[in-house]
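Listed below, chain by chain, are the residues.
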Amino acid sequence: MLNRHARGFFTALFSPLARWLLKIGVSPDAITIVGTAGVVVGALVFYPLGQLWWGTIFITAFIFSDVIDGIMARMQDRGGRWGNFLDSTLDRLADGALFAGVAIWFFTGGAETGIAVSAVVCLVLGMVVSYVRAKAESLGFQANVGIAERAERLVSVLVVTGFTGLGLPSIVLFVTLILLAVASLITVVQRVLAVRRQSLADTELG
C-alpha cells in the first residue's frame, strides 16, 4: 500500500522487527490475521462510538502489519500464492470494516446521513474495484490501472476521518468521500475498458 520510495523506507525501518518475529516463531500469516483483526476492531468499535481520532490512531498502528508480513514473507522466501490470497482477502475485510464503521457512526450518533451514505457507496465501489481486477486476472487479463488504488482510498479516509474527530468540519469528510466514490467509479470503468481492449486484441489475434 506504499509507493516504492516509501516502501524502501518502511522496509528498512521494520526489517529488525520482522526478523525478530520470525526468530521467535511468528509466521507472516499470523501477522496478517492480527493486523486485520486490529483494523476491524478499531473501525467497528472506536468509530461507532464516535472516537474518530483514537480509532484512526488504533487502526493506523495495525495497518503497518501489511508491510511487516510482506517483509517476513520475503525473508522466508515465501511470497507464494497462499500468502497473496490471504492478504488480499483480509484486505477486503479491513477495507469494508473501515467504511462500515464510518457509516455506522454517521447514521447514528454522528447524525449526518450524507456522510453515512457516501461511506456505504465508497465501501461498495471499493469492493467492485478489487473484484474487477481479481476477476480479470483470473481470466488471464491485466487490470491494474485506475486512479483510485487501495492506498489512496485508505490514506484519504483515515486522515480526514481522524482530523474530523479533532474538530475538522465534517463537510471535508463528506467531500472526501464523494471524491473517493467518483474516483472509484472511474477506476471501475478504466479497468473494464482495459479488459475489453485486451479481449478485442485476443479476438483479432485469434
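See above for the structure.
Keep in mind it's a predicted model, so treat the numbers as computed, not measured.

Rules used throughout
Residues numbered from 1 in each chain as written. Predicted model: local features only at pLDDT ≥ 70, side-chain atom pairs only at ≥ 80, totals over all residues. Heavy atoms only, no water. Core = buried A, V, L, I, M, F, W, Y, C linked by side-chain atoms within 4.5 Å. Buried < 20%, exposed > 50% of the residue type's maximum accessible area, 1.4 Å probe, protein only. Helix = DSSP H or I, 4+ residues; strand = E, 2+ residues; numbered from the N terminus. Contact = heavy atoms within 4.5 Å. 1 Å grid on protein atoms, 1.4 Å probe; cavity = no way out; pocket = protein on both sides within 12 Å on 5 of 7 lines; lining within 4 Å. Points joined across faces, edges and corners; volume = space filled by probe spheres on them. Nonpolar A, V, L, I, M, F, W, Y, C, P; charged D, E, K, R; others polar. Axes fitted to C-alpha atoms, helices over the stretch in contact; angles between N-to-C directions. Parallel < 35°, antiparallel > 145°, perpendicular 65-115°, else oblique. Salt bridge = Lys/Arg side-chain N within 4 Å of Asp/Glu carboxyl O. Phe/Tyr/Trp six-rings, centres within 6.5 Å; stacked < 30°, edge-to-face > 60°.

Asks: Provide a residue-level description of the nonpolar core, including the pertinent values.
Replies: In terms of nonpolar packing, the biggest core is built from 28 residues, with Tyr47, Ile59, Leu98, Val102, Phe106, Leu173 and Leu177 touching the most fellow members. Mapped onto this core, the elements with two or more residues apiece are α2 (28-46), α3 (52-63), α5 (81-107), α6 (113-138), α7 (150-165) and α8 (170-205). Sorting elements by how many residues they give to this core places α5 first, with eight residues. Every residue in contact with Leu173, bar those within four places of it in the chain, is listed here: Val102, Phe106, Ile115, Val160, Thr161 and Thr164. By size, the runner-up hydrophobic cluster in this structure holds nine residues, among which are Leu21, Val67, Ile68 and Ile71.

Asks: Help me get a handle on empty space enclosed by the protein, residues and values and all.
Replies: The tally for this structure, following the rule as stated, stands at two cavities of 30 Å³ or more. As for the largest cavity, its lining consists of 17 residues, and the residues nearest its centre are Thr36, Val39, Asp91, Ala94 and Arg150. Contributions of two or more residues to the lining of the largest cavity are made by α2, α3, α4 (65-75), α5 and α7. In terms of residue count, the dominant contributor to the lining of the largest cavity is α5 (six residues). Residue lining of the second largest cavity: Arg92, Asp95, Gly96, Phe99, Cys122, Leu123, Gly126, Met127, Ser130 and Arg153, and that is the complete set. Listed by contribution, the elements that provide at least two residues to the lining of the second largest cavity are α5 and α6. A total of five residues in the lining of the second largest cavity trace back to one element, the largest contributor, which is α6. Along the lines of polarity and charge, the residues of the lining of the second largest cavity split into four nonpolar, three polar and three charged.

Asks: Tell me about the packing of α2 against α5, and name the residues and values.
Replies: Running from amino to carboxyl end, α2 crosses α5 at an angle of 10°, the nearest separation of the two axes being 8 Å. Judged by the inter-axis angle, α2 sits roughly parallel to α5. Across the interface between the two elements, Asp29, Thr32, Ile33, Thr36, Val39, Val40, Ala43 and Leu44 from α2 touch Trp82, Gly83, Leu86, Asp87, Leu90, Leu93, Ala94, Ala97, Leu98, Ala100, Gly101 and Ile104 from α5. Here the residues of the contact of α2 with α5 sort into 14 nonpolar, four polar and two charged.

Asks: Explain the pattern of salt bridges to me, using residue names and the numbers behind them.
Replies: Here the idea is simple: oppositely charged side chains can pair when their charged atoms come close. Tallied over the full model, the rule gives four salt bridges. The salt bridge partner of Asp91 is Arg150, with a shortest N-O separation of 3.5 Å. With Asp91 in helix α5 and Arg150 in helix α7, this residue pair connects regions lying 59 residues apart in the sequence. As a salt-bridge pair, Arg133 and Glu137 come within 3.0 Å of each other at their nearest N and O atoms. One end of the pair, Arg133, and the other, Glu137, are both in helix α6, four residues apart, so they sit about a helical turn from each other. Residue class for Arg133 comes out partly exposed when judged on its relative accessible area of 30%. Accessibility expressed as a relative area gives 37% for Glu137, which makes it partly exposed.

Asks: Before we move on, could you go through unusual backbone geometry and cite the residues and values that matter?
Replies: Most peptide bonds take the trans configuration, and most residues that are not glycine carry a negative phi. Phi at Ala111 is positive, roughly 50°, even though this residue is not glycine. Following the sequence through the fold, Ala111 ends up in the loop between α5 and α6.

Asks: Let's hear about the packing of aromatic side chains: which residues, and what values?
Replies: Taken as a whole and assessed by the stated rule, the structure comprises five aromatic pairs. Here the aromatic rings of Trp53 and Phe163 are separated by 5.8 Å at their centres, their planes lie at 50°, and the arrangement is tilted. Placement of the pair is Trp53 in helix α3 and Phe163 in helix α7, with a sequence separation of 110 residues. The partly exposed category is assigned to Phe163, whose relative accessible area is 42%. With a centroid separation of 5.0 Å and an interplanar angle of 45°, the aromatic rings of Phe58 and Phe62 are classed as tilted. Taken together, the residues Phe58 and Phe62, both in helix α3 and four residues apart, mark about one turn of the helix. For Phe58, a relative accessible area of 27% corresponds to the partly exposed category. For Phe62, a relative accessible area of 26% translates into the label partly exposed.

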